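# Architecture and fold: a report
Next come the chains, spelled out residue by residue.
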Amino acid sequence: MIDLEKVSVTFTNKEETVTAVNDVSLTVEKGDIYGIVGYSGAGKSTLVRTINLLQRPSAGKVSVGEQVLSDLGPKELRKARKKIGMIFQHFNLMRARTVAGNVAYSLKDSGLSKKEISLKVEELLELVGLADKKNSYPSQLSGGQKQRVGIARALANDPEVLLCDEATSALDPKTTASILKLLKRLNQKLGLTIVIITHEMQVVKEICNKVAVMDDGRVIEKGNLVSVFTEPKAELTYEFIDTATHKDQALEKLESHPALLDLQADDQLAAITYVGDSTKAPLIASLYAKFGVTTNILYGNVEILQQTPVGNLIVVFSGESRQQDKAIAYLKSKQVKVSQLKASRPASIVQQEKIS
Amino acid sequence: MIRWFESYFENSLAIRLEILDSIWETLYMVGTTALIAGVLGIALGIVLVVTEDGGILENQKVYSQLERAVNAFRSVPFIIMLALIAPFTRLLVGTSIGTTAAIVPLVVGTVPFYSRQVQNALLEVDRGVIEAAESMGSSPFEIIIRVYLKEGLPSLIRVSSVTIINLIGLTAMAGAIGAGGLGNLAIARGYNRYQTDVTLVATVAILIIVFISQVIGNYLVKKTSH
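Residues numbered from 1 in each chain as written. Chains lettered and ligands numbered in written order. Predicted model: local features only at pLDDT ≥ 70, side-chain atom pairs only at ≥ 80, totals over all residues. Heavy atoms only, no water.

### Section: the overall build of chain B
- Counting secondary structure elements, chain B contains 12 helices and zero strands.
- From first element to last, N terminus to C terminus, chain B shows the α and β order α-α-α-α-α-α-α-α-α-α-α-α.
- Reported as C-alpha extents along the three principal axes, the dimensions of chain B are approximately 70 × 40 × 25 Å.
- Within chain B, buried positions represent 48% of all 226 residues.
- Accessible area for chain B stands at about 11700 Å²; split by element, carbon and sulfur atoms hold 66% of it.
- Mean positive and mean negative side-chain charge positions of chain B (15 and 16 charges, respectively) differ by 4 Å. (Helix = DSSP H or I, 4+ residues; strand = E, 2+ residues; numbered from the N terminus. Buried < 20%, exposed > 50% of the residue type's maximum accessible area, 1.4 Å probe, protein only. Areas by Shrake-Rupley, 256 points an atom, 1.4 Å probe, with all protein chains shown as cover. Lys, Arg positive; Asp, Glu negative; His and termini not counted. Charge placed at Lys NZ, Arg CZ, Asp CG, Glu CD.)

Structure (structure tokens):
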């Protein structure tokens, strides 16, 4: 659906040349909800703007659907843009127009009659759950409502692609959740392909099926959500995932309150990650039954990613050290990842070994 | 009361009709200039906004030339401008004296100021909204008409009322080249002939015109803001 081929964007001013996007290749399939995550300044907003050519790439090729956008003239490009919806962090609604007026904005030259336009607008507002706000002005709406208007407006020309530029970053968690739910519904109901730019892994975790991690203009890791979440390769990806699962906060808390740990001589602190089926068996209990190793759970979290449960635990194993090793080997044989944490500096997690 | 008025304002009473004429002349000059300078100023203001760095029709050359011209014309004191462009005025309307002739320097004096005001007003339109319109496939022309002018309307009205008040001040100065109007009345009659009451009446008339334009301006701003 969307194909970015070796796309680079450089900005030049008098003193320096800044490479905002550096040789990025990315393919988004039809029906994907593709998350692009990175810290601010990583170049993700610039990258998403190359998809509808609001930002012309300095090098590379951008195709959406069958069209190579970078080859189009201004007029064809404008036509193509009508089929690529976009929503923004600060909503960017027109203050001088009503909700209905905002949604109808891009329908003016669509060949629809006045009556058809007004029907279409009502249909769209119904879809985003704002039918009763038709005649309100944006200044009378809450943030979440404004973003719903933004979504309705972006969908006015029945696009196949929706670009979301930090679309939930200005919203509170509850509103964020409801907007994400709406996007998910649109994806399923309309077969809409969605690209989401965000700095919150939480958002990606919630609805994306694929994810790319950006740093300093490059995509450093990309792939299927579950596999990136459970087997991250880059350090930065770890960081984002730990933020999303709140593991970083848990570790910080443990670090700042050594009393919580109270490690005995043979005890060891470990992080456990398990995916899918292995969540069903009562593994922790069996460790004591089989090896006499007690497992003290200090922190636990289960996520459902694309219908796959992914669990994260921080535990203290106590018992005879040889038995502990056996217990860990047993866990690993059950497709559970175990990584030892240094209690003194928990944040620097020992690289997890990959289990086959 | 009436007798008191008659004794203090005897000069003004004697030229009642002339005062009415002057008011009409001032309104005529302000109205006509506002119309012509309004169109030109908005056009130039739009050109400044869209050709600016990062504008929708970014064009460094056009922008810097136009900006320089606007700055230069704005720097010339109006009273000198009147004399300076007298030959041009004569070329355009056949004479450089009189109410209609005054409209030429008034327009030249107002357009640079107004185009700058328009530029500032349109820059208040959120860049993000322009970007949203671009993402929806709007052409630059469409963005100017349907986004800049529509979204910037309250600000445009605000700066227009400021400009009109400014313009009323300029018409008084144009009296110096025999343009007529209230300014001329206040100086030629009131000041030069020691008829202070005429100056007073002319001033009050100007104040009332200013006040009314301000009230109308504020009303329209309020009405168009959402």
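Next comes the rest of the write-up.
### Structural notes on the interface of chain A and chain B
- Contacts between chain A and chain B engage 22 residues on the former and 19 residues on the latter.
- Summed over both sides, the interface between chain A and chain B buries roughly 2000 Å², with carbon and sulfur atoms accounting for 52% of that surface.
- Applying the counting rule to chain A against chain B returns one salt bridge.
- B:E131 is the partner of A:R49 in a salt bridge, and the nearest nitrogen-oxygen pair spans 2.5 Å.
- In this structure, the connection of chain A to chain B is made through nine residue pairs in polar contact (both at pLDDT 80 or more).
- At the level of secondary structure, the elements contributing two or more residues to the side of chain A that touches chain B comprise α2 (74–81) and β6 (84–88) of chain A.
- Top element by residues in the side of chain A that touches chain B is β6(A). It accounts for three residues.
- Along the lines of polarity and charge, the residues of the side of chain A that touches chain B split into nine nonpolar, four polar and nine charged. (Contact = heavy atoms within 4.5 Å. Buried area = accessible area lost by both parts, 1.4 Å probe. Salt bridge = Lys/Arg side-chain N within 4 Å of Asp/Glu carboxyl O. Polar contact = N/O pair within 3.5 Å; in protein donor to acceptor, adjacent residues only side chain to side chain. Nonpolar A, V, L, I, M, F, W, Y, C, P; charged D, E, K, R; others polar.)

### A look at the domain arrangement of chain A
All names here are of chain A.
- Parsing chain A into structural domains produces domain 1 (2–241) and domain 2 (255–354).
- Averaged C-alpha coordinates put domain 1 and domain 2 at centres separated by 39 Å.
- The interface of domain 1 with domain 2 comprises 12 residues on the first partner and 10 residues on the second.
- Roughly 990 Å² is buried in total at the junction of domain 1 and domain 2, and carbon and sulfur atoms are behind 59% of that figure.
- Seen at the junction of domain 1 and domain 2, the total is one salt bridge.
- Measuring nitrogen to oxygen at the nearest pair gives 3.0 Å for the salt bridge that ties E303 to K205.
- Taken together, the links from domain 1 to domain 2 amount to three residue pairs in polar contact (both at pLDDT 80 or more).
- Mapped onto the side of domain 1 that touches domain 2, the elements with two or more residues apiece are α7 (201–207), α8 (225–230) and α9 (235–244). (Domains from an automatic or database assignment.)

### Notes on the nonpolar core
All names here are of chain A.
- Counting residues in hydrophobic clusters, the biggest one holds 53 residues, and the most contacted among them are I151, L183, I196 and M201.
- Each residue touching I196, except ones within four places of it in the same chain, is listed here: I33, Y34, G35, I36, C164, L183, V203, I207 and C208.
- Membership of the second largest hydrophobic core comes to 32 residues, among which are I2, V24, V28 and I197. (Core = buried A, V, L, I, M, F, W, Y, C linked by side-chain atoms within 4.5 Å.)

### Details of the side chain of A:N92
- Considering the arrangement of structural elements, one finds A:N92 in the loop between β6 and α3 (99–104).
- Polar side-chain contacts of A:N92 include one of 2.9 Å to the backbone oxygen of B:G128.
- Beyond its immediate stretch of four places on either side in the chain, A:N92 contacts A:R153, B:D126, B:G128, B:V129 and B:A132.

### A word on the sheet that holds β6(A)
All names here are of chain A.
- If you trace the six strands from one edge of the open sheet to the other, you get β6-β7-β8-β3-β9-β10, paired in mixed fashion. Of all strands in the sheet, those with a lone pairing partner are β6 and β10 (218–224), marking the two edges. The average angle at which neighbouring strand axes cross in this sheet is 15 degrees, direction not considered.
- The pairing of strand β7 (residues 161–165) with strand β8 (residues 193–198) spans five bridges and is parallel. Bridge pairing in β8 links V161 to T193. (Pairing = 2+ DSSP bridges. Axes fitted to C-alpha atoms, helices over the stretch in contact; angles between N-to-C directions.)

### Brief notes about unusual backbone geometry
Residue and element names in this part refer to chain A.
- Non-glycine residue D23 carries a positive phi angle of around 55 degrees.
- Of note, D23 is situated in strand β2 (residues 17–28).
- With phi around 65 degrees, Q307 is a residue other than glycine that occupies positive phi space.
- Its location among the elements puts Q307 in the loop between β12 (294–305) and β13 (308–318).

### Description of the side chain of A:N187
Residues and elements named next belong to chain A.
- Take N187: it is sitting in helix α6 (residues 173–190).
- On the accessibility criterion, N187 (12% relative accessible area) is buried.
- For N187, the residues in contact, after removing those within four places along its chain, are G31, D32, I33, L192 and I194.

### Observations regarding the layout of surface pockets
- Counted as a void, the largest pocket has a volume near 630 Å³.
- In terms of lining, the largest pocket is formed by 20 residues, of which the most central are A:L53, A:L54, A:R81, B:I56 and B:E134.
- Of all the elements in the fold, those that place two or more residues in the lining of the largest pocket are α2 of chain A together with α8 (127–135) and α9 (140–151) of chain B.
- Broken down by element, the residue count for the lining of the largest pocket peaks at four residues, all from α2(A).
- Its residues assigned to classes, the lining of the largest pocket shows seven nonpolar, five polar and eight charged.
- In this structure, the second largest pocket spans a volume of roughly 520 Å³.
- What lines the second largest pocket is a set of 24 residues, and nearest its centre among them are B:A34, B:S160, B:S161, B:I164 and B:S213.
- Of all the elements in the fold, those that place two or more residues in the lining of the second largest pocket are α3 (16–51), α7 (99–123), α10 (153–174) and α12 (196–224) of chain B.
- In terms of residue count, the dominant contributor to the lining of the second largest pocket is α10(B) (nine residues). (1 Å grid on protein atoms, 1.4 Å probe; cavity = no way out; pocket = protein on both sides within 12 Å on 5 of 7 lines; lining within 4 Å. Points joined across faces, edges and corners; volume = space filled by probe spheres on them.)

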